[in-house]
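If you want the building blocks of each chain, they are given just below.
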Amino acid sequence: MTSANNLAATSRLQPKKQTLEDAYSPPANFLEIDISDPQTHGVAKKRYTDYELRMRTNLPVFKLKESSVRRRYSDFEWLRSELERDSKIVVPPLPGKAWKRQLPFRGDDGIFEDEFIEDRRKGLEQFINKVAGHPLAQNEKCLHMFLQEPVIDKNYVPGKIRTT
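Figured I'd write up the structure that's included with this text. (Residues numbered from 1 in each chain as written. Predicted model: local features only at pLDDT ≥ 70, side-chain atom pairs only at ≥ 80, totals over all residues. Heavy atoms only, no water.)

Remarks on the overall build of the protein chain
A count of helices and strands for the protein chain gives five helices and three strands. Start at the N end of the protein chain and walk to the C end: the helices and strands fall as α-α-β-β-β-α-α-α. Nonlocal contacts in the protein chain, meaning residues at least 24 apart in sequence, comprise 53% of its contacts between residues at least 6 apart. Total accessible area computed for the protein chain in this model is approximately 11400 Å², and 53% of it derives from carbon and sulfur atoms. (Helix = DSSP H or I, 4+ residues; strand = E, 2+ residues; numbered from the N terminus. Contact = heavy atoms within 4.5 Å. Areas by Shrake-Rupley, 256 points an atom, 1.4 Å probe, with all protein chains shown as cover.)

Next up, the structure:
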């Protein structure tokens, strides 16, 4: 009889059949960030590429549920340094700076080549999704400003977001 009890106790739970409503209802909590539409601006030493960063979420900590801002690599560097200084999380690395691609007298466009820009876009998207997905980082003012404000105020007062 003991083996029958063990078998009953260890048998798999019967899965609940999924309904169409379950399958197509919005997830309980979600945070989606994608980076797209790289655009190169300026000429010579003033040349740079920025990217559109779009965010959608239903997490209550974010005041906007949808936002779209443009950011360049140096903005990601700023965010990373702010998080390293003010938060208690291990901040993942950014994709490389590509110093060799910035040397003069190259036979190509260096950091402005489509292939490089696409690789960097993918790396930045991985970085921001890792950072924004971290529960402690979600409370940092610098992350909210980076994701949702059209212009980053680099003179802001660091701190936590208060939700009431």
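Points about the pairing of strand 1 (residues 31-41)
Relative to strand 2 (residues 48-57), strand 1 runs antiparallel, the two sharing nine bridges. Its bridge partner being in strand 2, His41 is matched across the sheet by Tyr48. Hairpin remark: strand 1 followed by strand 2, antiparallel, with six residues in the connecting loop; positive phi at Gly42, about 80°. (Pairing = 2+ DSSP bridges.)

Some words on the packing of aromatic side chains
One pass over the full model with this rule turns up three aromatic pairs. Both rings, one in Phe76 and one in Phe146, keep their centres 4.9 Å apart while their planes meet at 75°; by these two values the pair is edge-to-face. Of the two residues, Phe76 is situated in helix 3 (residues 73-86) and Phe146 in helix 5 (residues 141-148); the sequence distance between them amounts to 70 residues. For the residue pair Phe76 and Phe146, the accessibility class agrees, reading buried in each case. Plain terms: the ring middles of Trp78 and Tyr156 are 5.8 Å apart, the flat faces sit at 70° to each other, and that makes the pair edge-to-face. Taken as a pair, Trp78 in helix 3 and Tyr156 in the segment after helix 5 lie far apart in primary sequence, 78 residues in all. (Phe/Tyr/Trp six-rings, centres within 6.5 Å; stacked < 30°, edge-to-face > 60°. Buried < 20%, exposed > 50% of the residue type's maximum accessible area, 1.4 Å probe, protein only.)

Quick word on helix 5
Among the eight residues that make up helix 5, seven are buried, leaving the element largely enclosed by the rest of the structure. Looking at the buried residues of helix 5, the elements they touch are strand 1, strand 2, strand 3 (66-72), helix 3 and helix 4 (114-132).

Re the side chain of Ser67
Within the secondary structure, Ser67 is located in strand 3. Polar contacts involving the side chain of Ser67 include one to the main-chain carbonyl oxygen of Leu147, which spans 3.0 Å. Apart from the residues within four sequence positions on either side, Ser67 is in contact with Leu53, Arg54, Met55, Leu147 and Gln148. (Polar contact = N/O pair within 3.5 Å; in protein donor to acceptor, adjacent residues only side chain to side chain.)

Quick look at the side chain of Arg71
The residue Arg71 is located in strand 3 in this model. The buried charged residue Arg71 lacks any salt bridge, with Asp75 as its nearest oppositely charged partner at 4.7 Å. Polar contacts involving the side chain of Arg71 include one to the main-chain carbonyl oxygen of Phe146, which spans 2.9 Å. Engagement of the side chain of Arg71 in a polar contact is seen with the backbone oxygen of Pro150, the distance being 3.3 Å. If we ignore the near neighbours within four places in the chain, the residues touching Arg71 are Asp50, Tyr51, Leu53, Phe76, Met145, Phe146, Glu149, Pro150 and Ile152. (Lys, Arg positive; Asp, Glu negative; His and termini not counted. Salt bridge = Lys/Arg side-chain N within 4 Å of Asp/Glu carboxyl O.)

Remarks on the environment of Ser74
Tracing the backbone through its elements, the reader meets Ser74 in helix 3. Its relative accessible area of 32% is what places Ser74 among the partly exposed residues. Measuring from C-alpha to C-alpha, the distance between Ser74 and Tyr48 comes to 9.8 Å, with 26 residues separating the pair along the chain.

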